[in-house]
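Letter by letter, the chains look like this.
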Number of protein chains: 2
Amino acid sequence: MTGDLDNLRVVLVAARNPLNIGAAARAMSNFGVQHLRVVNPYEVAFREAQSAVGASGLLAKAKQYESVAEAVEDCTLVVGTTVAGARRDLQHRLHRLDEGARAIKRQLKTARVALLFGSERYGLSNRELSHCHWVMRIPTREEHGSMNLGQAVAVCLYELVRGRKTAPAKTPPGRTGPVKKETASATSGDVERLTQLLFSVLGASGYVHPRTAAGTEEKLRRLVRRMELNANDAVMWLGMLRQMAWKLGANKENDV
Amino acid sequence: MTGDLDNLRVVLVAARNPLNIGAAARAMSNFGVQHLRVVNPYEVAFREAQSAVGASGLLAKAKQYESVAEAVEDCTLVVGTTVAGARRDLQHRLHRLDEGARAIKRQLKTARVALLFGSERYGLSNRELSHCHWVMRIPTREEHGSMNLGQAVAVCLYELVRGRKTAPAKTPPGRTGPVKKETASATSGDVERLTQLLFSVLGASGYVHPRTAAGTEEKLRRLVRRMELNANDAVMWLGMLRQMAWKLGANKENDV
């Protein structure tokens, strides 16, 4: 499992408080998760957190990104986090933390997973969430949903290491046949490239209205993620969309 | 369970930092635990935590004691907490957090339980632990045992409410997510219409070679089925592809 956790990326989006960034890093270290990524942190907060006494090495190694897309590019599964009572307008599949963690653990065996946490005040925006395959909910009381960032990270990572056996069983009990080999999932980088190409093609086709372009882009991003493409299918889609884009004369420059 | 949690007393022993006391209170409120007791806190810290803006009502109602004995007097089960790697000299029965939480939940149905957390620096002393029936361990890494107090409280209380039946989704696990879809699946009719439209659009884009057209069509058919579209997404795809087909002048008649 330690090896599996090496595939996990904790992504803090727009964190504003150095204490919270430090607390998230500490929880990660407690539970053996090493890779922290921050997207658009409040600069001073990030610097203060990095220079804080006692901040672990993983904070010093934390990588900084300017967009969620870049921060999750090499991940095949991107999971958002939320709390009970928040975001009643959520447009994503929502899973209980324990169920979601099971799915994440399966994916971590073979590929990188990004776990996203939003800003202290607002959580993850719809635009940020549009990069997620689905969302996991910490079962807080509806009456008191707002949760401390460091505690949210601690609880989610605890659920991922929970029930870990000191000596992991090699063969799952009750399994009679060989494990079916699954094709690797597409990386978020490919999935986002596909999203952008589709957006370009649709723009060139007159499908996208300038006034609602941003909303359409988010809708497309969610639609493409729901396809849960494997790596081969993503390559095939990219090839098809490139051909359409070429035929339509669509390119990055004339995006809506 | 909420009723059961009313029997739980969270006891902070010799906490020194107002932020940590506040964080513990916040985690309690998040998970629906109302009764906080503090033993010999650093006085200033306790007053500051109590007067902190945003501190929940439960901090104002927190009771202060001069000894662990007094703080747990009315409880039938007293459980200490620790982290991995700490306290190798522990003279108590030690349970994993998930196992311990099960026992606590059983007891909470009928009687009061005290859950003890030690000071930030030293944890619970042997003397303080001597009031405990047994000790529960949070599964942190041995190399980094020391855990933030607020996070330790959050993780322990999460384990107590975990699996409570507020489940948003019951459907069994799929490939990367526990639930593939809540919406009805697309009909085969729509899926085939989508396949044909995609084939037309690709034909008009010059993607399909006449010599391999039949093979390409089959490949597309499989690709589209692997998307496991729900009914809404199929409608969206049909709309997008119709627009592309119109722009490209593709139609049934000029299919490859």
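Quick caveat: nothing in here was measured; it's all calculated off a predicted structure. Residue positions are given per chain, counting from 1 as you read along its sequence in written order. Whichever chain is written first is A, and whichever ligand is written first is 1; the rest continue in order. Reporting of local features is limited, given that this is a predicted model, to residues whose pLDDT is at least 70; pairs of side-chain atoms are given and counted only at 80 or more, and all residues count toward the totals for whole chains, interfaces and linings. Side-chain measures here rest on the full set of heavy atoms in the structure, leaving out hydrogens and waters.

A. Representation of the overall build of chain A. Broken down by element type, chain A carries 11 helices and seven strands. Note on contacts: a residue pair is in contact if any heavy atoms of the two residues lie within 4.5 Å. For chain A, the share of sequence-separated contacts (at least 6 apart) that also reach a separation of at least 24 residues comes to 86%. Summing over all exposed atoms, chain A offers an accessible surface of approximately 11,300 Å²; the carbon and sulfur share of this is 50%. Helix and strand assignments follow DSSP, with helices taken as H or I runs no shorter than four residues and strands as E runs no shorter than two, numbered in order from the N terminus. Residue exposure ignores everything except the shown protein chains as possible cover, and the areas themselves are Shrake-Rupley values with a 1.4 Å probe.

B. Local environment of the domain arrangement of chain A. Residues and elements named next belong to chain A. Each domain span listed reflects an automatic or database assignment of domains. Here chain A is partitioned into domain 1 (2-161) and domain 2 (188-254). Computed over C-alpha atoms only, the centres of domain 1 and domain 2 are separated by 27 Å. Contacts between the two partners involve 15 residues from domain 1 and, on the opposite side, 11 residues from domain 2. In this description, buried area is defined as the sum, over both parts, of the accessible area (probe of 1.4 Å) that is lost when the two are combined. Taken over both partners, the interface formed by domain 1 and domain 2 buries close to 1,200 Å², and the fraction arising from carbon and sulfur atoms is 43%. Three residues stand out in domain 1 for area buried against domain 2, namely R127, S130 and H133, and they jointly supply 42% of the buried area on that side. For this analysis, a salt bridge means a side-chain nitrogen from Lys or Arg found within 4 Å of a carboxyl oxygen belonging to Asp or Glu. Our count for the domain 1 to domain 2 interface comes out at four salt bridges. For R93, the salt bridge is made with E228, and the minimal N-O distance between the two is 2.8 Å. Residues adjacent in sequence count toward polar contacts only when both atoms are side-chain atoms; beyond that, a polar contact is any pair of N or O atoms within 3.5 Å, and within protein one must be able to donate a hydrogen and the other to accept it. At the boundary of domain 1 and domain 2, one finds seven residue pairs in polar contact (both at pLDDT 80 or more). Tallied by class, the residues present in the side of domain 1 that touches domain 2 amount to five nonpolar, seven polar and three charged. Any residue outside Ala, Val, Leu, Ile, Met, Phe, Trp, Tyr, Cys, Pro, Asp, Glu, Lys and Arg is labelled polar, Gly included; the first ten of those are nonpolar and the last four are charged.

C. Here's a closer look at the packing of aromatic side chains. A pair of aromatic rings is counted whenever rings of Phe, Tyr or Trp (Trp by its six-membered ring) have centres within 6.5 Å, and the orientation is called stacked for planes under 30 degrees apart, edge-to-face for over 60 and tilted otherwise. Applying the stated criterion to the full structure yields four aromatic pairs over all chains. Taking the centre distance of 6.4 Å and the plane angle of 80° together, the rings of Y158 of chain A and Y158 of chain B count as edge-to-face. In this pair, Y158 of chain A is assigned in helix α8 (residues 149-161) and Y158 of chain B in helix α8 (residues 149-161), connecting two distinct chains. This pair shows no difference in class: Y158 of chain A is buried, exactly as Y158 of chain B is. Given a relative accessible area of 1%, Y158 of chain B falls into the buried group. The rule is short: NZ of Lys or CZ of Arg within 6 Å of the ring centre and within 35 degrees of the ring normal puts a charge over the ring. Between the NZ or CZ atom of R16 of chain A and the centre of the ring of Y42 of chain A, over which it lies, the distance is 4.6 Å. Residue exposure (1.4 Å probe, protein chains only): buried if accessible area is under 20% of the type maximum, exposed if over 50%, otherwise partly exposed.

D. Inspection of the confidence of the model for chain A at higher detail. All names here are of chain A. Known as pLDDT, the predictor's per-residue confidence is scaled from 0 to 100. For chain A, the mean per-residue pLDDT works out to 85, and 86% of the residues sit at or above 70. Residue range residues 166-181 is modelled with pLDDT below 50. Its contacts to residues more than four positions away, or to other chains, number zero contacts. As scored by the predictor, the complex reaches a pTM of 0.79 and an ipTM of 0.76.

E. Focus on the interface of chain B and chain A. Contact with chain B, which involves 69 residues of that partner, is made by 71 residues of chain A. For the pair chain B and chain A, the summed buried area comes to about 6,200 Å², and 56% of that belongs to carbon and sulfur atoms. Counting every contact that joins chain B to chain A gives four salt bridges. Here D233 of chain B and R226 of chain A are joined by a salt bridge, their closest N and O atoms 2.6 Å apart. The interface formed by chain B and chain A includes 20 residue pairs in polar contact (both at pLDDT 80 or more). A per-element tally of the side of chain B that touches chain A places helix α11 (residues 231-248) of chain B first, with 10 residues. In terms of residue class, the side of chain B that touches chain A is built from 33 nonpolar, 21 polar and 15 charged.

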